[in-house]
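Observations on chain architecture
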Amino acid sequence: MAADRYLSFTGTAPGRFLTRRLGLPQPTPLCRWSEQQPRLDGTLRHLTAGASGLDLAPVLARTGLTPAPDGGPVAAVVLDATAVRDVDALDGVHAALHPVVGSVAPSGRIVVLGAPLDPADHHQAAAQQALEGFTRSLGKEIGRGRTVNLVRLTDAHAAESTLRFLLSPKSAYVSGQVIGVDATPAATPDDRDRPLTGRTALVTGAARGIGAAVAGTLARDGARVVVLDVPSAEEDARRLADRLGGSALAVDVTAADAGERIAAALPGGLDVLVHNAGITRDRRLVNMDAERWSSVLDVNLASVLRTTDALLEGGTLRPGGRIVATASIAGLAGNAGQTNYGASKAGVAGLVRALAPRARDAHGITVNAVAPGFIETRMTAAVPLFIREAGRRMNSLAQGGQPQDVAETVAWLAHPASGAVNGQVVRVCGQSLLGA
Ligand code: NAD
């Protein structure tokens, strides 16, 4: 992995002085989850715009953050704007946050809560949609490693796992997102510290990079993990599986019988399926041969569809399970040289949105995707220097993400209490300037 020397340089006094004088980006090292730092350091302020009917207090009490006294710095702010039904009521958003926003600590969190858009009331829909522009704009200006996200919800308890994630160091690289949470009752895991205890998770492409981090994080959360990768990466996969107390599976996901072989390796069934394996074969379309096109479509999309169908239809995925696929911001915003990759990753988002309601109705299984931005892995280390540097800086946090950032997002979606999060494509991109 190529080190981010600029981030280290701006952490020194001369580096800070020089880069400020030149008007260059000022990334703040992000506070990420660790055993020593399991929660944000500081207090939580709960604000409302209008008279809300949400019962948030018990949910916020369980975040581990203590309520903030008036004045002084805060680690996190939750603004309940679900009651905003017209443009005048938006004044309450300004009135609530304007005095507080300057006192949010570095790497702090702002979570705005909105209501679903009411198609029968265009004033409510206008005011609620306004919250998206507000959230994304604040995310772009707030700086100092602070994130701003919008959650659309109707039931506070169903959104608890989402609020806990967004109000923790686990969501360090998730900003500018709009996440819909429905009212599906949340299951409470037996062991809150290891919520995936007793569950089996399979991660494709897990011998290295983001997949290895996902496998490690799901194992941390109690899952028995199956580390799947191509036969040529079997040794790395086995070493990781041994370390995590799981097992390795050498399967090329593009093989016609990949679904059957995965099912055969999981006679006890599967609870969490993470489609992470992916490749790039970049060329502008004018120079792209058919092999580059079809290999990327096959690994990144067709095999995801085939194995999902095989594991769902064959009953390997147990009721209440979770499918998390991997899209990319290139699939949402488009990227020069990546017509094949962008098509495959947009296809993943289409699969997620269409399958999510059916999988839940039929089997109680949720289907979501993560869409990473620039993440520091071998894939991005291979990008030419100047493009790599631009990729790192062109987001609100002015730095690349870590595999751990994607892994924590997958772990939130895989959580037994996240049953109300379904059909979402969540970007883990530090609010990349590519696309929304
Ligand atoms: P990586 O190249 O480091 O790792 C990918 C893994 O997938 C490798 O271990 C590889 O052997 C495995 N793999 C490839 N083809 C396979 C196949 N046919 N069958 C089984 N395994 C296969 O990549 P990464 O950066 O860790 O990316 C992981 C996922 O995240 C990919 O889907 C990628 O498209 C996506 N993504 C990454 C970034 C980023 O910035 N790194 C950004 C957006 C999306």
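Residues numbered from 1 in each chain as written. Predicted model: local features only at pLDDT ≥ 70, side-chain atom pairs only at ≥ 80, totals over all residues. Heavy atoms only, no water.

Here the focus is the layout of surface pockets. Here the second largest pocket defines a volume of roughly 850 Å³. Of all elements in the fold, only α6 (160-166) and α15 (403-414) reach the threshold of two or more residues within the lining of the second largest pocket. In terms of residue count, α6 provides more of the lining of the second largest pocket than any other element does, 4 residues in total. Taken together, the residues that form the lining of the second largest pocket break down as 11 nonpolar, 7 polar and 12 charged. No fewer than three residues from each of domain 1 (23-180) and domain 2 (200-428) sit in the lining of the second largest pocket. (1 Å grid on protein atoms, 1.4 Å probe; cavity = no way out; pocket = protein on both sides within 12 Å on 5 of 7 lines; lining within 4 Å. Points joined across faces, edges and corners; volume = space filled by probe spheres on them. Helix = DSSP H or I, 4+ residues; strand = E, 2+ residues; numbered from the N terminus. Nonpolar A, V, L, I, M, F, W, Y, C, P; charged D, E, K, R; others polar. Domains from an automatic or database assignment.)

This part takes up the side chain of Arg 146. Position of Arg 146 among the secondary structure elements: in the loop between α5 (122-142) and β5 (147-152). For Arg 146, which is buried and forms no salt bridge, the nearest opposite charge comes from Glu 141, at a distance of 8.8 Å. Here the side chain of Arg 146 touches Val 104 through a polar contact of 2.7 Å, landing on its backbone oxygen. Within the structure, the side chain of Arg 146 is placed 2.7 Å from the backbone oxygen of Ile 142, a separation counted as a polar contact. Look past the residues within four positions of Arg 146 in its chain and what remains in contact with it is Val 101, Gly 102, Val 104, Ala 105, Pro 106, Ser 107, Gly 108, Ser 175 and Leu 397. (Buried < 20%, exposed > 50% of the residue type's maximum accessible area, 1.4 Å probe, protein only. Lys, Arg positive; Asp, Glu negative; His and termini not counted. Salt bridge = Lys/Arg side-chain N within 4 Å of Asp/Glu carboxyl O. Polar contact = N/O pair within 3.5 Å; in protein donor to acceptor, adjacent residues only side chain to side chain. Contact = heavy atoms within 4.5 Å.)

This part is about α15. Between its terminal C-alpha atoms α15 stretches 16 Å, which fits the 16 Å expected from 12 residues at 1.5 Å a residue. The buried fraction of α15 amounts to 11 of the 12 residues, a majority that puts the element mostly inside the structure. Taken together, the buried positions of α15 are Pro 403, Asp 405, Val 406, Ala 407, Glu 408, Thr 409, Val 410, Ala 411, Trp 412, Leu 413 and Ala 414. (Expected span 1.5 Å × (residues − 1).)

Once that is clear, we can look at the sheet that holds strand β11 (residues 317-326). The strands that make up a sheet are held in pairs by hydrogen bonds between backbone atoms, and each pair lies either parallel or antiparallel. Sheet architecture is open: 7 strands sit in the order β9-β8-β7-β10-β11-β12-β13, paired in parallel fashion. Both outer strands of the open sheet, β9 (247-250) and β13 (425-428), are each paired with one neighbouring strand and no more. Each adjacent strand pair in this sheet contributes to an overall mean axis angle of 20 degrees, direction not counted. Bridge count for strand β8 (residues 224-229) against β9 is 4 bridges, and the pairing is parallel. Residue Val 226 lies in a different strand from β9, and its bridge partner there is Ser 247. On the sheet, helix α7 (residues 209-220) packs against β7 (200-204), β8, β10 (270-275) and β12 (366-372) and is oriented at approximately 170 degrees with respect to β7. (Pairing = 2+ DSSP bridges. Axes fitted to C-alpha atoms, helices over the stretch in contact; angles between N-to-C directions.)

A separate point is the state of the cysteines. Scanning the entire structure with this criterion turns up 0 disulfides. Of all cysteine sulfurs in the structure, the one in Cys 429 sits closest to Cys 31, which takes part in no disulfide; the separation is 19 Å. For Cys 31, a relative accessible area of 21% corresponds to the partly exposed category. (Disulfide = S-S within 2.5 Å.)

Here we come to the packing of helix α9 (residues 258-265) against helix α10 (residues 290-313). Each pair of packed helices can be summarised by the angle the axes make with each other and by the distance between the axes. With their axes 8 Å apart at the nearest point, α9 and α10 run at an angle of 45 degrees to one another. The orientation of α9 with respect to α10, classified from their angle, is oblique. Between α9 and α10 lies a crossing whose hand is right-handed. Every residue of α10 that contacts α9 at Ala 258, Gly 259, Ile 262 and Ala 263 is listed here: Thr 307, Ala 310 and Leu 311. (Parallel < 35°, antiparallel > 145°, perpendicular 65-115°, else oblique. Left-handed = near helix turned anticlockwise from the far one by under 90°.)

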